[in-house]
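Chain by chain, the residues:
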Amino acid sequence: MSATNLIDESLSYSLQELLEEKSLKDISVQDITSKSKVSRATFYRHFKDKFDLVNWIYDTMSDKISKRYYSNNNFRQLSNDSIKMMYQKKNFFKKIFEYEGQNSFTNYYRKTAMEYTINQYTTKLGIKTLDTELTYLAEFNVAGLTQATKKWVINGYKESPEEMAEILMDNLSEKEKKIFSQTEIKK
């Protein structure tokens, strides 16, 4: 593992440990660097702030899942595994979704879900950009997905990951189900 990866992992581990004890808003960069024994200057060479570190942790977790399913277009399995990931890291996701305000994880989650959705629409429909109808469909879907996922996490994961993934999939519009289940690009 490279020195950069070791530093990123150390900072990640330290933040996740701190989240076991307190909320994200109560954790400072100083707390993270003290726990990880990494200097503040080094922290800022790797991340612009603690929110950037949170997003990196999420991206690292998500990348492991999405790489498996991008090639075979299995959106249902991607959704199931993403929800299971959140369930397995319950405290981490609860704490980062609870934070409201500038740089909130909720906004980042919405942004990455929108990027994924736009990519799926353009790829599977064989188009370069979304028209107005598809743009609103994507925004509607992503807003609902984000809020439902956040509510599930903050309310204590009352449904099992399998039940929650099924709820999210069942509530896609018929048009989206068709787009996401499509395996070939329309020409």
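In this report, the structure presented in the accompanying data block is examined. Computed from a prediction, not measured in an experiment: that's the story for all the values here. (Residues numbered from 1 in each chain as written. Predicted model: local features only at pLDDT ≥ 70, side-chain atom pairs only at ≥ 80, totals over all residues. Heavy atoms only, no water.)

### Section: the overall build of the chain
In step 1: When helices and strands are tallied, the chain shows 10 helices and 0 strands.
In step 2: Listing the helices and strands of the chain from first to last along the sequence gives α-α-α-α-α-α-α-α-α-α.
In step 3: For the chain, the C-alpha radius of gyration of 18 Å lies close to 16 Å, the compact-globule estimate for 187 residues.
In step 4: A total of 187 residues make up the chain; the buried ones form 44% of that total.
In step 5: Of all intrachain contacts in the chain linking residues separated by at least 6 positions in sequence, the fraction that spans at least 24 positions is 66%. (Helix = DSSP H or I, 4+ residues; strand = E, 2+ residues; numbered from the N terminus. Rg over C-alpha atoms; globule rule 2.2 N^0.38 Å. Buried < 20%, exposed > 50% of the residue type's maximum accessible area, 1.4 Å probe, protein only. Contact = heavy atoms within 4.5 Å.)

### Digging into the nonpolar core
In step 1: Ranked by size, the top nonpolar core spans 51 residues in total, and within it L15, M86, F93 and F105 carry the most contacts.
In step 2: Of all the elements, helix 7 (residues 105-125) adds the most residues to this core, at 8 residues.
In step 3: M86 has contacts with Y58, F93, F97, Y109, T149, W152, V153 and Y157, leaving out every residue within four places of it along the chain. (Core = buried A, V, L, I, M, F, W, Y, C linked by side-chain atoms within 4.5 Å.)

### Some details on unusual backbone geometry
In step 1: A positive phi is found at N103, a non-glycine position, where the angle reads about 65 degrees.
In step 2: Mapped onto the fold, N103 is located in the loop between helix 6 (90-98) and helix 7.
In step 3: Notably, Y157 is not glycine yet its phi reads approximately 55 degrees, a positive angle.

### Some points on the layout of surface pockets
In step 1: If you add up the space inside the largest pocket, you get close to 800 Å³.
In step 2: Lining the largest pocket are 35 residues, with F75, Y109, A113, Y116 and L145 sitting closest to its centre.
In step 3: If you list the elements that add at least two residues to the lining of the largest pocket, you get helix 4 (50-70), helix 5 (75-88), helix 7, helix 8 (132-154), helix 9 (161-170) and helix 10 (174-181).
In step 4: Looking at the lining of the largest pocket residue by residue, the classes come out as 20 nonpolar, 11 polar and 4 charged.
In step 5: Taken as a whole, the second largest pocket encloses approximately 230 Å³ of empty space. (1 Å grid on protein atoms, 1.4 Å probe; cavity = no way out; pocket = protein on both sides within 12 Å on 5 of 7 lines; lining within 4 Å. Points joined across faces, edges and corners; volume = space filled by probe spheres on them. Nonpolar A, V, L, I, M, F, W, Y, C, P; charged D, E, K, R; others polar.)

### Quick word on the pattern of salt bridges
Should the charged atoms of two oppositely charged side chains come close, the side chains can pair.
In step 1: The tally for this structure, following the rule as stated, stands at 9 salt bridges.
In step 2: Here K150 ties to E100 by a salt bridge, and the two come within 2.3 Å at their closest N and O atoms. Note that K150 is positioned in helix 8 and E100 in the loop between helix 6 and helix 7, a separation of 50 residues in sequence.
In step 3: A salt bridge links K175 to E133; the shortest N-O distance between them is 2.8 Å. Taken as a pair, K175 in helix 10 and E133 in helix 8 lie far apart in primary sequence, 42 residues in all.
In step 4: Its relative accessible area of 38% is what places K175 among the partly exposed residues. (Salt bridge = Lys/Arg side-chain N within 4 Å of Asp/Glu carboxyl O.)

### What to know about the side chain of S12
In step 1: Mapped onto the secondary structure, S12 falls in helix 1 (residues 3-19).
In step 2: Classification of S12 by relative accessible area gives buried; the value is 5%.
In step 3: When neighbours within four sequence positions are excluded, S12 is seen to be in contact with L53, W56 and I57.

The values reported here are purely geometric and, on their own, carry no functional implication.
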